[in-house]
Amino acid sequence: MHNKNNLYFILAKMAEVYPIGKVRIAPGTLASLIALFIGYFILLKLGIALYITFIIAFIILGYFSCEAHIKIYNKKDPSEVVIDEFGGQFIVILATIDTNNTYYVILSLFLSFVLFRFFDITKIGLIKKSEKLKGGYGIMADDILAGIFAFITQSAILTYFNQSLIIKSYMS
């Protein structure tokens, strides 16, 4: 039984992406910013297919870590849990511009960050409704949907300006 409690504790700290979740001011924003750079680096190293697999595995891990955090601390959606921000931000990175121009890549990543934070904070439509799901589902779902909404929005913006997306380049 002792080992099971240790596992729950480790998973709960993963949910906080410890120590990021313990930052007093804007832990979700900080988590999103860090996730932006980590995710982009992982995407460049893994390629699109493995990166998508990574996102799926990360979201599953996020669910279990949120469940462990709820079990230990008995809080519904605590601000110190930021693994959900990582999962949502990782999704938007798929809409990054495909170019060798560093300036455009930085602008595209900045747009990814701003759009994700916008949808995550405002919780428009389905995003707000998904928060009502129980347990780890509710914690993870709103950020996953915010990531998807931001991905669609960024894809539309970049497509409108005739820019190639990194996901399209890998798939063609």
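A quick note: this is a predicted structure, and the numbers were derived from the prediction, not measured. (Residues numbered from 1 in each chain as written. Predicted model: local features only at pLDDT ≥ 70, side-chain atom pairs only at ≥ 80, totals over all residues. Heavy atoms only, no water.)

Q: What is the right way to read the overall build of the chain from this model?
A: Per the secondary structure count, the chain includes eight helices and zero strands. In sequence order, the chain lays out its α and β elements as α-α-α-α-α-α-α-α. Relative to the globule expectation of 16 Å for 172 residues, the C-alpha radius of gyration of the chain, 16 Å, shows essentially globular dimensions. Along the three orthogonal principal directions, the C-alpha set of the chain runs to about 55 × 35 × 30 Å. For the chain, buried positions account for 46% of its 172 residues. A separation of at least 24 residues holds for 77% of the contacts in the chain among residues at least 6 apart in sequence. Total accessible area on the chain is roughly 9500 Å²; 69% of this is exposed by carbon and sulfur atoms. (Helix = DSSP H or I, 4+ residues; strand = E, 2+ residues; numbered from the N terminus. Rg over C-alpha atoms; globule rule 2.2 N^0.38 Å. Buried < 20%, exposed > 50% of the residue type's maximum accessible area, 1.4 Å probe, protein only. Contact = heavy atoms within 4.5 Å. Areas by Shrake-Rupley, 256 points an atom, 1.4 Å probe, with all protein chains shown as cover.)

Q: For this particular structure, what's the right way to read the layout of surface pockets?
A: The probe, sized like a water molecule, is rolled over the atoms to show the empty space still left. Estimates place the volume of the largest pocket at around 230 Å³. Lining the largest pocket are 16 residues, with Gly28, Ser79, Glu85, Asp120 and Lys123 positioned closest to its centre. Where the lining of the largest pocket is concerned, the elements lending two or more residues are helix H2 (27–46), helix H4 (83–92), helix H5 (102–122) and helix H7 (135–160). Among the elements that take part in the lining of the largest pocket, H5 stands out by supplying three residues, more than any other. Considered as a void within the structure, the second largest pocket measures approximately 160 Å³ in volume. (1 Å grid on protein atoms, 1.4 Å probe; cavity = no way out; pocket = protein on both sides within 12 Å on 5 of 7 lines; lining within 4 Å. Points joined across faces, edges and corners; volume = space filled by probe spheres on them.)

Q: Explanation requested: the packing of aromatic side chains in the structure shown.
A: By the definition in use, this model includes 12 aromatic pairs. Relative to Phe90, the ring of Phe86 has its centre 5.9 Å away and its plane inclined at 80°; by these criteria the two rings are edge-to-face. A residue pair is termed a helical-turn pair when its members lie 3 or 4 positions apart in one helix, as Phe86 and Phe90 do in helix H4 at four residues. Judged by its relative accessible area of 5%, Phe86 falls in the buried class. With a relative accessible area of 1%, Phe90 lands in the buried category. A centroid spacing of 5.7 Å and a plane angle of 75° characterise the contact between Phe119 and Phe149, whose relative ring orientation is edge-to-face. A residue pair is termed long-range when its members are at least 10 positions apart, and Phe119 in helix H5 and Phe149 in helix H7 qualify at 30 residues. (Phe/Tyr/Trp six-rings, centres within 6.5 Å; stacked < 30°, edge-to-face > 60°.)

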